[in-house]
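Letter by letter, the chains look like this.
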Amino acid sequence: MARGECILEPGPNSWLNLSTSLLSKEGKAIVTSDPDIQCGTIAALQALEPTNMDEYPFYFSDDEKESDIGMATLSMCIRENPYATMAELVARYSDARNVPYAHVATVLNEIRRSTGFTMYLRNRGDNTFQAVQWTPARVPSNMTLLPPPKRRA
């Protein structure tokens, strides 16, 4: 499989399909317990799988004059499933850019906290793009995103 080839299908627990080089088995359990990716989850992921912030640069900017590859990829990941949870969005970005999950979660959580997410929709009338604020889907605390247990035959 080529680097940057997104293999994840839209789905509520897509992070379980990431390779262990991007998210370990223990990390998958941490994310499954909090698919909204709160600060405690990010701290647990960083402790489990530390990364150097300089090793994986991001190019997020609202300035149209800059090359913001990060925003284009982020918009693409949002557009693939507009009903995604934060955990799924992070998994899609991590898979597309081949960047460790904990690192992407840290950066995207900062964007969510500071400016929020933007999704770009094409206006069919004049073929321009319109920026629309987007928020990840929230998972109720009494719900699980794991598949149901297998039935015994």
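Conventions and cut-offs
- Residues numbered from 1 in each chain as written.
- Predicted model: local features only at pLDDT ≥ 70, side-chain atom pairs only at ≥ 80, totals over all residues.
- Heavy atoms only, no water.
- Helix = DSSP H or I, 4+ residues; strand = E, 2+ residues; numbered from the N terminus.
- Areas by Shrake-Rupley, 256 points an atom, 1.4 Å probe, with all protein chains shown as cover.
- Salt bridge = Lys/Arg side-chain N within 4 Å of Asp/Glu carboxyl O.
- Buried < 20%, exposed > 50% of the residue type's maximum accessible area, 1.4 Å probe, protein only.
- Axes fitted to C-alpha atoms, helices over the stretch in contact; angles between N-to-C directions.
- Parallel < 35°, antiparallel > 145°, perpendicular 65-115°, else oblique.
- Left-handed = near helix turned anticlockwise from the far one by under 90°.
- Contact = heavy atoms within 4.5 Å.
- Nonpolar A, V, L, I, M, F, W, Y, C, P; charged D, E, K, R; others polar.
- Arc of directions from axis to C-beta.

### Some remarks on the overall build of the chain
No. 1: Summing up its helical and strand segments, the chain has five helices and two strands in all.
No. 2: When the accessible surface of the chain is totalled, it reaches about 9500 Å², and 52% of it is carbon and sulfur.

### Side note on the pattern of salt bridges
Working definition: two side chains of opposite charge can pair if their charged atoms are close together.
No. 1: The tally for this structure, following the rule as stated, stands at four salt bridges.
No. 2: The salt bridge involving Asp36 is made with Arg138; its shortest N-O contact spans 3.8 Å. Linking Asp36 in the loop between helix 1 (25-33) and helix 2 (39-48) with Arg138 in the segment after strand 2 (128-134), this pair joins segments that are 102 residues apart in sequence.
No. 3: Its relative accessible area of 7% is what places Asp36 among the buried residues.
No. 4: With a shortest N-O distance of 3.4 Å, Glu88 and Arg92 are connected by a salt bridge. You can see Glu88 and its partner Arg92 sitting in helix 4 (residues 86-97), four residues apart, about one turn around the helix. Accessibility assignment for this pair places Glu88 and Arg92 in one class, buried.
No. 5: Look at the salt bridges and you will find they share partners, linking Glu80, Glu88 and Arg92 into a network.

### Describing the packing of helix 4 against helix 5 (residues 101-114)
No. 1: Running from N to C, helix 4 and helix 5 point in directions that differ by 125 degrees, and their axes come no closer than 9 Å. In terms of axis orientation, helix 4 runs oblique to helix 5. Between helix 4 and helix 5 lies a crossing whose hand is right-handed. Residues Met86, Ala87, Leu89, Val90, Ala91, Tyr93 and Ser94 of helix 4 lie in contact with helix 5, whose contacting residues are Tyr101, Val104, Ala105, Leu108, Asn109 and Arg112.
No. 2: A per-class count over the contact of helix 4 with helix 5 returns ten nonpolar, two polar and one charged.

### Section: helix 2
No. 1: Inspection of helix 2 places Thr41, Ile42 and Leu45 among the buried residues, and these make up the whole buried set. Taken down its axis, helix 2 places every buried residue within 100 degrees of arc, on the same side. Every exposed residue of helix 2 that faces more than 90 degrees away from the buried side is listed here: Cys39, Gly40 and Ala47.
No. 2: Lining the buried residues of helix 2 we find helix 1 and helix 5.

### A short note on the environment of Val107
No. 1: Following the sequence through the fold, Val107 ends up in helix 5.
No. 2: Exposure remark for Val107: the relative accessible area of 12% places this residue in the buried category.
No. 3: Residues Val107 and Phe58, spaced 49 residues apart in sequence, show a C-alpha to C-alpha distance of 8.3 Å.

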